[in-house]
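Close look at the chain arrangement
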Amino acid sequence: MPELPEVETMRRGVLPMVGHRIRAAERPPCARRPILFEPSIGRFDRRVRGRLITGIDRLGKRVIIELEDAQAIVIEPRMTGLVLLSDPPGPEHLRLRLILDGDAIQEMLFWDRRGLGTVRLLTADQLQRDVRDRLGPDATRISAAQLRENLRHSRRVIKVALLDQAAVAGIGNLYAAEILFVAGVDPRTRCDKLSRPQWERIHAGIGAVLGEAIEHEGSTLSDGTYRNALNNEGSYQNYHRVYDRAGLGCGRCSVGVIRRIVQGQRSTFFCPICQRKTGRHGSVGEIEVSRSVADAVQS
């Protein structure tokens, strides 16, 4: 599933659209499962035709295409969606084509193999009410104090709680596991049992992991689905510390073996030796962030 680093990579990839006008919007014929698309393509096309694209934003795991009249096209890729400026992986799952007035940038495509993504055209009020007000602070901008305050009273385990988009927006299953490994925190620990130093390490882990993943343009897993806007693979899968590494030795403590468990119907990967429910294992050093998270997500 595209998470914050992948969607941020998509956002960056379609930035060349800014300053172009939309000539038309089309829904190519697709015999596959239909996606949620609002409003109907006829109304959608009439409302966006001739409009100038003024900005490309991201809210959590959504790409926001801002138009000159304060409307916004909100694309949520979900499991297999891709926002592209290049040829899609295949024509049979193409869900939206925006035809642009440029020479170098002629179209934007939304492709979704499983049909779980959504495309909505919203007014400014709808965007605020239906999207912004329902999301917590973005994971790249949340402070350590906000993170702790939003989750510290929860009785959920921390791995599951980090997936709550109303508490912190953008983190999904893969990066939650990587963040908790970097922080040296056992994913089975309840939020209300975490100490302040553990919350601070989790916050630092969010910055380190998401910053690295954005620099490497996200993770393309074994199914090969995720691509950037030019239909190229990301490379962060080559730097995963625990995700999908069950049975392999821990590269940090050199003693533990990575385990896989199921939490909230999703796989969790962790090292049972150096990820602690309390305290900090000796192998877990200070968490260094090569660039500030704010710098990592700037256009």
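Here, every reference points to the structure presented above.
These lines cover the structure that appears in this document, whether it is placed above or below. (Residues numbered from 1 in each chain as written. Predicted model: local features only at pLDDT ≥ 70, side-chain atom pairs only at ≥ 80, totals over all residues. Heavy atoms only, no water.)

Considerations on the pairing of strand β9 (residues 118-122)
Let me state the cut-off plainly: The classification of residues rests on relative accessible area computed with a 1.4 Å probe and restricted to protein chains. Under 20% of the type maximum is buried, over 50% is exposed, and intermediate values are partly exposed. Numbering goes from the N terminus for both helices and strands, where a helix is a DSSP run of H or I of at least four residues and a strand is a run of E of at least two. We treat two strands as partners when DSSP finds at least two bridges between them.
Within β9, five of the five residues are buried, which leaves it mostly tucked inside the rest of the structure. As defined by bridge partners, strand β2 (residues 36-38) adjoins β9 across three bridges and the pair is classed as parallel. Bridging from a neighbouring strand, Phe37 pairs with Val119 of β9. Direction of pairing for strand β5 (residues 72-76) relative to β9: antiparallel, over a ladder of five bridges. When the bridges of β9 are listed, Ala72 appears paired with Leu122.

Quick look at the pairing of strand β3 (residues 53-59)
Most of β3 sits out of view: five of its seven residues are buried. Here β3 pairs with strand β4 (residues 62-67) via six bridges, running antiparallel. Residue Gly55 lies in a different strand from β4, and its bridge partner there is Glu66.

Thoughts on unusual backbone geometry
In most cases, non-glycine residues show a negative phi, while peptide bonds are predominantly trans. A cis amide bond links Glu38 with the next residue in sequence, Pro39, at an omega value of -10°. In this fold, Pro39 is placed in the loop between β2 and α2 (41-48). Phi at Ala70 takes a positive value of approximately 75°, unusual for a residue other than glycine. Tracing the chain through its elements places Ala70 in the loop between β4 and β5.

A few points about the packing of helix α6 (residues 173-183) against helix α7 (residues 196-215)
The cut-off we apply is this: Angular values range over 0 to 180 degrees, each being the angle between N-to-C directions of two axes fitted as lines to C-alpha atoms, with helices fitted over their stretch in contact. Should an angle fall under 35 degrees it is called roughly parallel, over 145 degrees roughly antiparallel, and 65 to 115 degrees roughly perpendicular, with every other angle called oblique. In this scheme, a crossing is called left-handed if the near helix is turned counterclockwise away from the far one by less than a right angle; it is called right-handed if the turn is clockwise. The contact rule is simple, with two residues in contact once any of their heavy atoms fall within 4.5 Å. For this classification, the nonpolar set comprises Ala, Val, Leu, Ile, Met, Phe, Trp, Tyr, Cys and Pro, the charged set comprises Asp, Glu, Lys and Arg, and every other residue, Gly included, is treated as polar.
Direction vectors running N to C along α6 and α7 enclose 125°, while the axes themselves pass 8 Å from each other. Compared by their axis directions, α6 and α7 come out oblique. Handedness of the crossing formed by α6 with α7: right-handed. Contacts between α6 and α7 pair Tyr175, Glu178, Ile179, Leu180, Val182 and Ala183 from the former with Arg201, Ile202, Gly205, Ile206, Val209, Leu210 and Ala213 from the latter. Across the contact of α6 with α7, the residue classes break down as 10 nonpolar, one polar and two charged.

Structural measurements only, silent on function.
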